Amino acid sequence: AVAVAERLVESLEAAQSLLTGVGDVRYDERLKKVRAAVQDMVRRDVLAPAKAQIAPALPAPPASGAPLAPPDDAKQESAEECARAMRRCERFAGALALSPDVAQTLNEISRNVEREVAQWTAKLQERGACGGEEDEEAALLSLSYAVRILELTAGASRADALFQSALGALQGEQMSARA
């Protein structure tokens, strides 16, 4: 949907520049209708499902006593693709009057990633030490995957802050369990 929207916006802008001097209201009305249709498509096919497409890739705490499962690579790939699509929308959002919608969606996704990682980290701390090297690897990989989503939606500095915070909490838990 994003690639189609990019091409349509480029075509709309080209048509608009060609028809600027014509002064025929009929052309303006047609372009407005097409622009509105593209805007609706982006809202419906990109913005609306974005949070739901990314959520399954975020780390979930395991059941009590269960080993920590490694993240699902397919879900991560899908979430990253969705996050990249959201970023691509920023490039043409102004032409469709969608800049506030895109910014709001990216911000909501970013806050959700931060909240889910904080809850996941707290649950792992409550649960106690990771069950061994496999759990530690799964935890680090899950954290890295979530941080990658945040990097795509909010930028490197916010992602790094989340990584440092969660890693510090997880390492602190591991050290206290070893003592």
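Just so it is clear, the model here is predicted, and its values are computed rather than measured.

Undergrad: Outline the overall build of the protein chain, supporting the account with residue identities and numerical values.
TA: Along the backbone of the protein chain there are six helices and zero strands. Ordering the α and β elements of the protein chain from the N terminus gives α-α-α-α-α-α. Across its three principal directions, the C-alpha atoms of the protein chain cover 80 × 25 × 20 Å. By the burial criterion, 36% of the 179 residues in the protein chain qualify as buried. Considering only contacts in the protein chain between residues 6 or more positions apart, those separated by 24 or more positions represent 77%. The protein chain carries 21 positive and 27 negative side-chain charges, and their two centres are separated by 8 Å.

Undergrad: Tell me what's going on with the packing of helix H1 (residues 2-19) against helix H3 (residues 73-93), and back it up with residues and numbers.
TA: Look at H1 against H3: their axes get within 10 Å of each other, and the N-to-C directions meet at 10°. As far as their axial angle goes, H3 and H1 are roughly parallel. For the pair formed by H1 and H3, the contact residues are Val 2, Ala 3, Ala 5, Glu 6 and Val 9 on the first element and Ala 85, Arg 88, Cys 89, Arg 91 and Phe 92 on the second. Residue classes in the contact of H1 with H3 are distributed as seven nonpolar, no polar and three charged.

Undergrad: Describe the pattern of salt bridges, naming the residues involved and giving the relevant values.
TA: Under the defined criterion, the tally for this structure stands at eleven salt bridges. Of the charged contacts in the structure, one is a salt bridge between Asp 101 and Arg 43, with a shortest N-O distance of 3.3 Å. Taken as a pair, Asp 101 in helix H4 (residues 99-127) and Arg 43 in helix H2 (residues 25-54) lie far apart in primary sequence, 58 residues in all. By relative accessible area, which is 24% here, Asp 101 ends up partly exposed. Via salt bridges that share partners, Glu 80, Arg 84, Arg 148 and Glu 151 belong to a single interconnected network.

Undergrad: Describe H2, listing the residues and the values that go with them.
TA: The terminal C-alpha atoms of H2 lie 42 Å apart, and with 30 residues this matches the ideal 44 Å at 1.5 Å per residue to within 8%. At Arg 43, H2 is bent by approximately 35°, the largest bend along its length. All buried positions along H2 are accounted for by Leu 31, Val 38, Gln 39, Met 41, Val 42, Val 46, Leu 47, Ala 50 and Ile 54. On its buried face, H2 is in contact with H1, H3, H4 and helix H5 (133-154).

Undergrad: Kindly report on H4, identifying the contributing residues and their values.
TA: The end-to-end C-alpha separation of H4 is 42 Å, in line with the 42 Å expected for 29 residues at 1.5 Å each. Along H4, the residues that are buried comprise Val 102, Thr 105, Leu 106, Ile 109, Ser 110, Asn 112, Val 113, Val 117, Trp 120, Thr 121 and Leu 124.

Undergrad: I'd like a rundown of unusual backbone geometry, residues and numbers included.
TA: At Ala 97, a residue that is not glycine, the phi angle is positive and equals roughly 60°. In this fold, Ala 97 is placed in the loop between H3 and H4. Judged by its relative accessible area of 53%, Ala 97 falls in the exposed class.

Undergrad: Before we move on, can you summarise the state of the cysteines with the specific residues and values?
TA: Scanning the entire structure with this criterion turns up zero disulfides. In this structure Cys 82 is not part of a disulfide, and its nearest cysteine sulfur, from Cys 89, lies 9.0 Å away.

Undergrad: If you had to explain the confidence of the model for the protein chain to someone new, which residues and values would you point to?
TA: Summing up the model confidence of the protein chain, the mean pLDDT is 89 and the portion of residues at 70 or higher is 94%. Per-element mean pLDDT across the protein chain ranges from 81 in helix H6 (residues 156-178) up to 96 in H3.

Criteria and cut-off values
- Residue positions are given per chain, counting from 1 as you read along its sequence in written order.
- For this predicted model, a pLDDT threshold of at least 70 governs which residues receive local features, and a threshold of 80 or more governs which side-chain atom pairs are given and counted, while totals over whole chains, interfaces and linings are taken from all residues.
- In computing side-chain values, all of the structure's heavy atoms are included and hydrogens and water are not.
- For helices the rule is a DSSP run of H or I covering at least 4 residues; for strands it is a run of E covering at least 2, with both sets numbered from the N terminus onward.
- Relative accessibility decides the category of a residue: with a 1.4 Å probe and only protein chains considered, values under 20% of the type maximum give buried, values over 50% give exposed, and everything between is partly exposed.
- Any two residues having at least one pair of non-hydrogen atoms within 4.5 Å are treated as being in contact.
- Under this rule, positive means Lys or Arg and negative means Asp or Glu; His and the chain ends count for nothing.
- The atoms used to mark charge sites are NZ of Lys, CZ of Arg, CG of Asp and CD of Glu.
- The angle between two axes is taken between their N-to-C directions and runs from 0 to 180 degrees, where each axis is a line fitted to C-alpha atoms and a helix contributes only its stretch in contact.
- Here roughly perpendicular refers to angles of 65 to 115 degrees, roughly parallel to angles under 35, roughly antiparallel to angles over 145, and oblique to all remaining angles.
- Under the scheme applied, nonpolar residues are Ala, Val, Leu, Ile, Met, Phe, Trp, Tyr, Cys and Pro; charged residues are Asp, Glu, Lys and Arg; polar residues are all the others, including Gly.
- Salt bridge criterion: a side-chain nitrogen from Lys or Arg within 4 Å of a carboxyl oxygen from Asp or Glu.
- Multiplying one less than the number of residues by 1.5 Å gives the expected span of a helix.
- Bend is computed residue by residue as the angle between axes fitted to the seven residues ending at the residue and the seven residues starting at it.
- In this description, the term disulfide denotes a pair of cysteine sulfurs within 2.5 Å.
- Confidence of the predictor at the level of single residues is given by pLDDT, which spans 0 to 100.

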